[in-house]
Amino acid sequence: MNMVVMFCVRACSGLVGMRMAPPLRFLHSFPGMTVSQIDEEVAKLLELKAQLGGDDGKHQFVLKTAKGTRDYNPKQMAIREKVFNTIISCFKRHGAETIDTPVFELKETLTGKYGEDSKLIYDLKDQGGELLSLRYDLTVPFARYLAMNKITNIKRYHIAKVYRRDNPAMTRGRYREFYQCDFDIAGQYDAMIPDAECLKIVHEILSELDLGEFRIKVNDRRILDGMFAVCGVPNDKFRTICSTVDKLDKMSWEDVKKEMVNEKGLSEEAADQIGEYVSMQGGKDLAERLLQDEKMSRSKQACAGLSDIQLLFSYLHLFQVTDKVVFDLSLARGLDYYTGIIYEAVLTQAGVAPVATEAQNGPPGEENVSVGSVAGGGRYDGLVGMFDPKGKKVPCVGVSIGIERIFSIMEQKAEASSQKVRTTEVQVMVVSAQKNLLEERLKLVTELWNADIKAEVMYKKNPKLLSQLQHCEESGIPLVAILGEQELKDGVVKLRVVASREEVDISRAELIAEIRRRTTA
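Rules of the game
- Residues numbered from 1 in each chain as written.
- Predicted model: local features only at pLDDT ≥ 70, side-chain atom pairs only at ≥ 80, totals over all residues.
- Heavy atoms only, no water.
- Helix = DSSP H or I, 4+ residues; strand = E, 2+ residues; numbered from the N terminus.
- Contact = heavy atoms within 4.5 Å.
- Axes fitted to C-alpha atoms, helices over the stretch in contact; angles between N-to-C directions.
- Left-handed = near helix turned anticlockwise from the far one by under 90°.
- Nonpolar A, V, L, I, M, F, W, Y, C, P; charged D, E, K, R; others polar.
- Buried < 20%, exposed > 50% of the residue type's maximum accessible area, 1.4 Å probe, protein only.
- Phe/Tyr/Trp six-rings, centres within 6.5 Å; stacked < 30°, edge-to-face > 60°.
- Lys NZ or Arg CZ within 6 Å of the ring centre and 35° of its normal.
- Parallel < 35°, antiparallel > 145°, perpendicular 65-115°, else oblique.
- UniProt positions renumbered as here; feature names shortened; annotations may be inferred.
- Polar contact = N/O pair within 3.5 Å; in protein donor to acceptor, adjacent residues only side chain to side chain.
- Salt bridge = Lys/Arg side-chain N within 4 Å of Asp/Glu carboxyl O.
- Pairing = 2+ DSSP bridges.

1. Looking at the environment of Asp195
Right, so step 1: In this structure, Asp195 sits in helix α7 (residues 193-209).
Right, so step 2: Placed 117 residues apart in sequence, Asp195 and Leu312 show a C-alpha to C-alpha distance of 7.5 Å.
Right, so step 3: Not counting residues up to four positions away in its chain, the partners in contact with Asp195 are Leu312, Ile341, Arg379 and Val397.

2. Section: the packing of helix α10 (residues 253-263) against helix α11 (residues 268-278)
Right, so step 1: Following both chains from N to C, one finds α10 and α11 inclined at 145°, their axes separated by 10 Å at the closest point. At the point where α10 passes α11, the crossing takes the right-handed sense. Each of Trp253, Lys257, Met260 and Val261 in α10 lies in contact with α11, whose residues at this interface are Glu268, Ala271, Asp272, Ile274, Gly275 and Val278.
Right, so step 2: Across the contact of α10 with α11, the residue classes tally to six nonpolar, one polar and three charged.

3. Brief notes about unusual backbone geometry
Right, so step 1: Here the phi dihedral of Asp210 falls at roughly 55°; this positive angle occurs in a residue that is not glycine.
Right, so step 2: Counting through the fold element by element, Asp210 comes out in the loop between α7 and β6 (213-220).
Right, so step 3: One non-glycine residue, Gln320, lies in positive phi territory at about 60°.
Right, so step 4: Mapped onto the elements of the fold, Gln320 is located in the loop between α13 (300-318) and β8 (325-328).
Right, so step 5: Residue classification places Gln320 among the exposed residues on the basis of a relative accessible area of 65%.

4. Here we look at the packing of aromatic side chains
A ring pair, where both rings are aromatic, is described by two values, the distance of the centres and the angle of the planes.
Right, so step 1: All chains considered together, the criterion is met by seven aromatic pairs.
Right, so step 2: Here Phe84 and Tyr179 contribute two aromatic rings whose centre-to-centre distance is 5.2 Å and whose plane-to-plane angle is 75°, an arrangement assigned as edge-to-face. Here the residue Phe84 occupies a position in helix α4 (residues 74-93), and Tyr179 occupies one in strand β5 (residues 177-186), the gap between them amounting to 95 residues.
Right, so step 3: Look at Phe84 and you get buried, because its relative accessible area is 15%.
Right, so step 4: Here Tyr179 falls in the partly exposed class, since its relative accessible area comes to 24%.
Right, so step 5: What links up through ring pairs into an aromatic cluster is the set Phe84, Tyr179 and Phe407.
Right, so step 6: The ring of Tyr136 carries Arg164 above its face, with NZ or CZ at 3.8 Å from the centroid.

5. What to know about the packing of helix α8 (residues 221-230) against helix α9 (residues 238-245)
Right, so step 1: Running from amino to carboxyl end, α8 crosses α9 at an angle of 110°, the nearest separation of the two axes being 11 Å. It follows from the interaxial angle that α8 and α9 lie roughly perpendicular. Crossing of α8 over α9 shows right-handed handedness. Contacts between α8 and α9 involve Arg221, Leu224, Asp225, Phe228 and Ala229 from the first element and Phe238, Arg239, Ile241, Cys242 and Val245 from the second.
Right, so step 2: Looking at the contact of α8 with α9 residue by residue, the classes come out as seven nonpolar, no polar and three charged.

6. A short note on the UniProt feature "binding site: L-histidine" (unreviewed entry) in the protein
Right, so step 1: UniProt records the feature "binding site: L-histidine" (unreviewed entry) for Asp137, Leu138, Thr139, Arg164, Gln180, Asp184, Arg333, Tyr337 and Tyr338 in the present numbering.
Right, so step 2: Within the secondary structure, Leu138 sits in the loop between β3 (132-134) and α6 (139-149).
Right, so step 3: Not counting residues up to four positions away in its chain, the partners in contact with Leu138 are Arg156, His158, Ala160, Val162, Gln180 and Asp182.
Right, so step 4: With respect to the helices and strands, the residue Asp184 is situated in strand β5.
Right, so step 5: Look past the residues within four positions of Asp184 in its chain and what remains in contact with it is Phe142, Ile154, Lys155, Arg156, Tyr380, Val397 and Gly398.
Right, so step 6: In this structure the side chain of Asp184 is engaged in a polar contact, spanning 2.6 Å, whose partner is the side chain of Arg156.

7. So, the pattern of salt bridges
Right, so step 1: Within the structure shown, the criterion is met by 32 salt bridges.
Right, so step 2: Among the salt bridges present, the one from Arg222 reaches Asp308, with a minimum N-O distance of 2.8 Å. Residue Arg222 is located in helix α8, and its partner Asp308 is located in helix α13; the two are separated by 86 residues in the primary sequence.
Right, so step 3: Residues Lys494 and Asp505 are paired through a salt bridge, measuring 3.2 Å at the closest nitrogen-oxygen approach. Linking Lys494 in strand β15 (residues 492-497) with Asp505 in strand β16 (residues 503-507), this pair joins segments that are eleven residues apart in sequence.
Right, so step 4: For Asp505, a relative accessible area of 46% corresponds to the partly exposed category.

8. Section: the pairing of strand β14 (residues 479-483)
Right, so step 1: Among the five residues in β14, five count as buried, and that is most of the element.
Right, so step 2: Side chains of β14 alternate between two faces, with Leu479, Ala481 and Leu483 and Val480 and Ile482 buried alike.
Right, so step 3: With four bridges joining them, β14 and β15 adopt antiparallel strand pairing. Paired with Ala481 across the two strands is Leu495, which belongs to β15.

9. So, α11
Right, so step 1: Taken as a whole, α11 has its buried residues at Ala270, Ala271, Gln273, Ile274, Gly275, Tyr277 and Val278.
Right, so step 2: In this fold, the buried residues of α11 make contact with α8, α9, α10, α12 (284-291) and β8.

Take a look at the structure:
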């Protein structure tokens, strides 16, 4: 096989080397293919040649990350760490504890939990008799964890990577390997109090990160199911129609209706009735109005959901977040495990320049108007019961922060800003003004490390003073501790403020206290 490939590659390589169109006799060898198609095949063969090895027989690596994944440089990691710290601080402020679960689960644990998105699950090869899959999200593993350990009450957060065989859109923060940040409350509590706290958490995080204007859309799966029933959707089509409605944030109503009718087999009359409802947005007043609606009032399910929406908005008013929350009947969230309230946070204006991407449709600038979902969640009271041998249910509600999209926006803002992103936390650099002072520098930096001061020293015996000072300016190190022969005689250290270039002599005994005073924000 390799010999055949190498023969084809050599033949094609000759054509590439001649920088000319393939001769007529070559085209006859590939009937039905255009020149551009042949060029594409040649490129694929050349890449295969690089993987198999060059003409000299040596293996040549293709240096690239796998599709849908990326590396992160120190600047990007500094931004990510800042975002993580903000989110974790919020979770802890609300009393959450953390857990961890394996990156892969038994395939049967994940199967049948994600509706039409189940096709995006990464399956692993058979490992000693166990069929395994990479986790798709953190919610299903959490439910398995609760059932396995017989836990009925917990408020937990979990930050970890998940995997999806999705079509990646890298510049929009959509990857095949990405982090999720989940906050969930499990336990039997009075209606809508934990649900309202989850929305309060989303509001706090998005406000603290200062990403731009946002709104939080809320709905209820019972309202959706009741709506489908009164509009004439057959019971066996509820979930698949729900998945189609979930695409309204990416597709026009005309395209969604076409999918419902042409692909899902729904009647036009039923689709038109759904269209009337999913265009509705409002607040507590809309829930009150729908409770009086002739059709919706016929569904007990819908009425129960609408009553909870009313109660939810009462609590959200007390939490002072109603300015950003809207009751939106078009919100569906296609995951099968949701049973009650659902919500999604959307950035409406990110304050950064629009980015052209392979996934972007519509006129230039549209990306800047609606950046997309940055958080989502809801109530899933039946998921834990799926794993419990006796079917014992543990009510749960939670939210997942769309961290990768947030990272993308923060990185864009950092690029657009003139403010330098620090990639280290070094507070002071120990430098010398003359030669042969390496030992003294190492003694001083050791004193600082022992006192829990973040410090560093240049790895040269006799570095130039200018080089050391330039390193501080480039790295954003705020202070420089300068040692010279005179300073050693006098028992002082010359402390230099990098930003103002102000210098002051500090006694060795008071140096640590002075550095702490100057670097404590």
